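Breakdown of the fold
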Amino acid sequence: MNYMRRVKRRLEERRVPVCMVQAQVGQSFAELTRIGLAHAKGMVAFCTSDYGAYTGAGYETFHELEYAHDNNLYIFPIRLCEQWPPAPQNNERGTFQNRLVFKNGLVFVDDRQMNNAEGAADQIADSVTSPGGIFSN
């Protein structure tokens, strides 16, 4: 099971509502992602070295992060790369946006070895569900 699915499964076990897009043949991944983000209070960012790259493809992590930031969603970054914030190679636009969003004071989960998906999910779940957590109001 891949890393993102393990994080999703653990968040669900912790009763954190999760939407992970799984487009079927004939469906638009971009449209389903926009619908999911429109209903979201937060977004988990799986920050690989190319996270946030602007490719011009029309929908990519650049646009997801832009939407989350512009709409004041809580962003839960999981650091999966060495450089922080991620600086997609030859991608100035994505690099600058990542610097804006992933500020020095923003706490992230560090799992660069990608060997503790459940622990990463637990940290996010604790932030969300604990008394005084960001969604506890």
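These notes cover the structure that comes with them.

Moving on, we get to the packing of helix α1 (residues 3-13) against helix α5 (residues 117-129). It is at 8 Å that the axes of α1 and α5 come closest, and there the two elements cross at 45°. With respect to each other, α1 and α5 are oriented oblique. Where α1 crosses over α5, the handedness of that crossing is right-handed. Side by side, α1 and α5 meet where Tyr3, Arg6, Val7, Arg9, Arg10 and Leu11 of the first sit next to Ala117, Glu118, Ala120, Ala121, Asp122, Ile124 and Ala125 of the second.

What follows covers the nonpolar core. Tyr3, Val7, Leu11, Phe46, Ile78 and Ile124 are the most contacted members of the largest nonpolar core, which totals 15 residues. Taken together, the elements giving at least two residues each to this core come down to α1, β2 (74-79) and α5. If one sorts the elements of this core by residue count, α5 sits on top with six residues. Among the nonpolar cores identified, the runner-up in size contains eleven residues, and Cys47, Tyr51, Ala68 and Phe102 belong to it.

Before going further, it helps to examine the side chain of glutamate 64. Structurally, the position occupied by glutamate 64 is in helix α3 (residues 61-70). Although buried, glutamate 64 forms no salt bridge, and the nearest oppositely charged side chain, arginine 34, lies 9.3 Å from it. If we ignore the near neighbours within four places in the chain, the residues touching glutamate 64 are Phe29, Thr33, Leu37, Met43 and Tyr59.

Right, let's get into the state of the cysteines. Applying the stated criterion to the full structure yields zero disulfides. The thiol of cysteine 19 is not disulfide-bonded; the next cysteine sulfur, from cysteine 47, is found 18 Å away. The cysteine cysteine 81 is free of any disulfide, with cysteine 47 supplying the nearest cysteine sulfur at 6.5 Å. According to the relative accessible area criterion, cysteine 81 is buried, its value standing at 7%.

To continue, consider the sheet that holds strand β3 (residues 109-110). Spatially, β1-β2-β3 is the arrangement adopted by the three strands of the open sheet, whose pairing is parallel. Of all strands in the sheet, those with a lone pairing partner are β1 (42-47) and β3, marking the two edges. Sheet topology places β1 next to β2; six bridges connect them, and they run parallel. Across the sheet, alanine 45 pairs through a bridge with proline 77, a residue of β2.

Within the structure shown, the criterion is met by five aromatic pairs. Pairing tryptophan 84 with phenylalanine 102 gives two aromatic rings, centres 5.2 Å apart and planes at 45°, and the pair type is tilted. Taken together, the residues tryptophan 84 in the loop between β2 and α4 (92-101) and phenylalanine 102 in the loop between α4 and β3 connect sequence positions 18 residues apart. For phenylalanine 102, a relative accessible area of 2% corresponds to the buried category. Taking 4.6 Å as the distance between ring centres and 40° as the angle between the ring planes, the aromatic pair formed by tryptophan 84 and phenylalanine 108 counts as tilted. In this pair, tryptophan 84 sits in the loop between β2 and α4 while phenylalanine 108 sits in the loop between α4 and β3, placing the two residues 24 residues apart along the sequence. Here tryptophan 84 falls in the partly exposed class, since its relative accessible area comes to 22%. Connected via pairs of aromatic rings, a cluster forms that spans Tyr51, Trp84, Phe102 and Phe108.

Procedures and definitions
Residues numbered from 1 in each chain as written. Predicted model: local features only at pLDDT ≥ 70, side-chain atom pairs only at ≥ 80, totals over all residues. Heavy atoms only, no water. Axes fitted to C-alpha atoms, helices over the stretch in contact; angles between N-to-C directions. Helix = DSSP H or I, 4+ residues; strand = E, 2+ residues; numbered from the N terminus. Parallel < 35°, antiparallel > 145°, perpendicular 65-115°, else oblique. Left-handed = near helix turned anticlockwise from the far one by under 90°. Contact = heavy atoms within 4.5 Å. Core = buried A, V, L, I, M, F, W, Y, C linked by side-chain atoms within 4.5 Å. Buried < 20%, exposed > 50% of the residue type's maximum accessible area, 1.4 Å probe, protein only. Lys, Arg positive; Asp, Glu negative; His and termini not counted. Salt bridge = Lys/Arg side-chain N within 4 Å of Asp/Glu carboxyl O. Disulfide = S-S within 2.5 Å. Pairing = 2+ DSSP bridges. Phe/Tyr/Trp six-rings, centres within 6.5 Å; stacked < 30°, edge-to-face > 60°.

Remember, this is a structural readout, not a statement about activity or role.
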